[in-house]
Amino acid sequence: MLTPPKLYMLDRSLRRLGPVPRYSSYVYRRSYASIGEAWTLTVPFAPGDDLSLFAPGNFLYDPDPRRPRGGIVTGLTLTEGEQDEVTVTGYPCDWLVSLRLNLRPGDDALARRNYGYDPVPYAGAGGAVGRVPAETALKAYAARHMTAPEDAKRRIPYLSIAPDRGRGKALAYLAENGDRLQDTLENLCIASGLGYEIALAEGGMTFDIVEGRDLTRSGRRARAVVFSVSRANVSTLSYETGNGDYKNCAYALGEELEGGLRAMLAVTQEEAVPAGTGRIETLVDCGSLSAVETDTALSMQAKAVQELRKTAQIETVTAEAVSTERFAYLDDWDLGDVVSVDIPKYGITADMRITGVEERYEPDDLRVVPILGETVDSRKRLLRTIKTISR
C-alpha cells in the first residue's frame, strides 16, 4: 500500500541536516532515460522554523532503499496567509547530467584522430573504431564529463560511477562537440532500451544503469503485468499519439569530393523507403565522414541513423494505477519495466515501457501515475492495430 515517505534534508556536502517536518503535499516524478521533471514539496511554516533547511543547493533525501527518490533543491517560495507555507521545488539527482556538455578531447592529436567528435569509444592509437556495450558507453560519457573530466573544475563532487557490467547491445556513438550530455545519454538509452539513474545517499551519489524487466504476456515470467481498466488495476488509461519532431529520411552530407562537392546519402530506418506526404526529411552534417565505414571512422549512414533516432513519434499511455495485492507498485511493477496494455473495447493492445512514474502524496490523494512509452518495436505494432480498427 502506498504510504507517505519519511523525508530528510541534506546539505551540499550530503550531510544530514534534519527531517522534513509535517509536509502537506509531495509530488515526485521519476524518469527512466532522461533527467526527469521537477518535484514539489509543500510544508506548513511558522515563525521560528528554519527556512535554511530548504535552501537551493541542498538535497531532499528519502532513505527508502527500493528507489533513489529525492534530489537537489532549485528553488523555494514562502507564502504568508491563513496558513503560512513553503513550497520547495527541485529535480531528481539525474538533473545533474544537464549541467554538462559533450566536449571533444583536449589532446589535439586525439581530437584530429576522432574528427573533432566526442565519440565512444575513441579511435585508438592505431585508428581502429570498435563497438562497446551500451552500459559501457553511458558510463564512459558520465566519467568523461562528470566524475573524471580533463578539466577538474568540471567534476561533479560526491558523484561516483557503479562498476560496469557490460549490459546492452554493442554500439558506437558520435557526440558532436558541444552537444548536451543529457541528450547524448537519452539517445543511447533509446537505442539500447536501458535507463540510468543517479542514486542519492548520505555522503555520496552513484551513477548507474537501470534495466527494466519484461513483464509482458510474451515474456518469460509466470505472471504478466497487464494495465487495463477492465482488470480494475488502473482507473483510467489515456492514449496519445502524434508526429512531434519525427523525421524518417535524412540526407547525410559527408566528405568533400572532386570539384568541391560533398558526398550526399539518403538514409532511412523505415522498412520501406518513405514517399509522398509520409516522407519527412532532415539534413545531417557528417563533417568529413565517408559513405563507407573505415577502420578509423563510422560511416555517414551510421551517423544519420543516430540522428534519426533523436526524433520520434509521440506514442504514450498515461494510467492511474490502483494498487492491489497482485498489482503493487515497486513490487509487481516499477519504472523501466515493459508491460502489456489493453483497451479491449477499442481493440488496442500493445507492449510498452514504463518511462515515467508520478508519485503524489497529499492528505486526500495518495496515488501513482505511470507513463508508458514505446519500446523499440512497439510503435509499429500499435499503429498497425489502430489502422486496422479505422478501416
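Presented here is a report on the structure given in the accompanying data block. The structure presented is a predicted model; accordingly, all values stated were derived computationally and were not measured.

## Considerations on the sheet that holds strand S18 (residues 262–267)
For step 1, the next point in the chain: A sheet is described by the order of its strands in space; here three strands give the open sequence S18-S17-S19, paired in mixed fashion. Across the chains shown, the open sheet's two edge strands, defined by having one partner strand only, are S18 and strand S19 (281–285). Averaged over all pairs of adjacent strands, the angle between strand axes in this sheet comes to 25°, irrespective of strand direction.
For step 2, the next point in the chain: Bridge analysis of strand S17 (residues 249–256) against S18 gives five bridges, and the strand direction is antiparallel. Along S18, the bridge assignment pairs Ala250 with Val267.

## Details of unusual backbone geometry
Trans peptide bonds make up the majority, and among non-glycine residues the majority have a negative phi.
For step 1, the next point in the chain: Of note, the amide linkage connecting Val120 to Pro121 takes the cis form, showing an omega dihedral of -5°.
For step 2, the next point in the chain: Tracing the sequence through the fold places Pro121 in the loop between strand S8 (118–120) and strand S9 (132–133).
For step 3, the next point in the chain: Of note in this structure, Ala232 is not a glycine but carries a positive phi near 65°.
For step 4, the next point in the chain: Mapped onto the secondary structure, Ala232 falls in the loop between strand S15 (226–227) and strand S16 (234–242).
For step 5, the next point in the chain: The backbone of Leu330 shows a phi angle near 80°, a positive value even though the residue is not glycine.
For step 6, the next point in the chain: Among the secondary structure elements, Leu330 is positioned in the loop between strand S20 (314–321) and strand S21 (338–343).
For step 7, the next point in the chain: Judged by its relative accessible area of 14%, Leu330 falls in the buried class.

## Topic: the nonpolar core
For step 1, the next point in the chain: Counting 80 residues, the largest nonpolar core has Val20, Leu41, Phe54, Ile198, Met205, Phe227 and Trp333 as the members making the most contacts within it.
For step 2, the next point in the chain: In contact with Val20, other than residues within four places in its own chain, are Leu7, Tyr8, Met9, Leu41, Val43, Phe54 and Leu60.
For step 3, the next point in the chain: Residues Ala263, Val284, Met300 and Leu308 belong to the second largest nonpolar core, which totals 13 residues.

## Re the packing of aromatic side chains
For step 1, the next point in the chain: Under the definition given, this model contains eight aromatic pairs.
For step 2, the next point in the chain: Pairing Phe227 with Trp333 gives two aromatic rings, centres 5.5 Å apart and planes at 70°, and the pair type is edge-to-face. With Phe227 in strand S15 and Trp333 in the loop between S20 and S21, this residue pair connects regions lying 106 residues apart in the sequence. Each member of the pair Phe227 and Trp333 is classed as buried.
For step 3, the next point in the chain: When the ring of Tyr329 is compared with that of Trp333, the centres are 5.0 Å apart and the planes differ by 40°; the resulting orientation is tilted. As far as burial versus exposure is concerned, Tyr329 and Trp333 are alike and both buried.
For step 4, the next point in the chain: The rings of Tyr23, Tyr26, Tyr28 and Tyr361 are connected pair by pair, giving a single aromatic cluster.
For step 5, the next point in the chain: Positioned above the aromatic ring of Tyr8, the side-chain terminus of Arg16 is 3.9 Å from the ring centre.

The rules behind each value
- Residues numbered from 1 in each chain as written.
- Predicted model: local features only at pLDDT ≥ 70, side-chain atom pairs only at ≥ 80, totals over all residues.
- Heavy atoms only, no water.
- Pairing = 2+ DSSP bridges.
- Helix = DSSP H or I, 4+ residues; strand = E, 2+ residues; numbered from the N terminus.
- Axes fitted to C-alpha atoms, helices over the stretch in contact; angles between N-to-C directions.
- Buried < 20%, exposed > 50% of the residue type's maximum accessible area, 1.4 Å probe, protein only.
- Core = buried A, V, L, I, M, F, W, Y, C linked by side-chain atoms within 4.5 Å.
- Contact = heavy atoms within 4.5 Å.
- Phe/Tyr/Trp six-rings, centres within 6.5 Å; stacked < 30°, edge-to-face > 60°.
- Lys NZ or Arg CZ within 6 Å of the ring centre and 35° of its normal.

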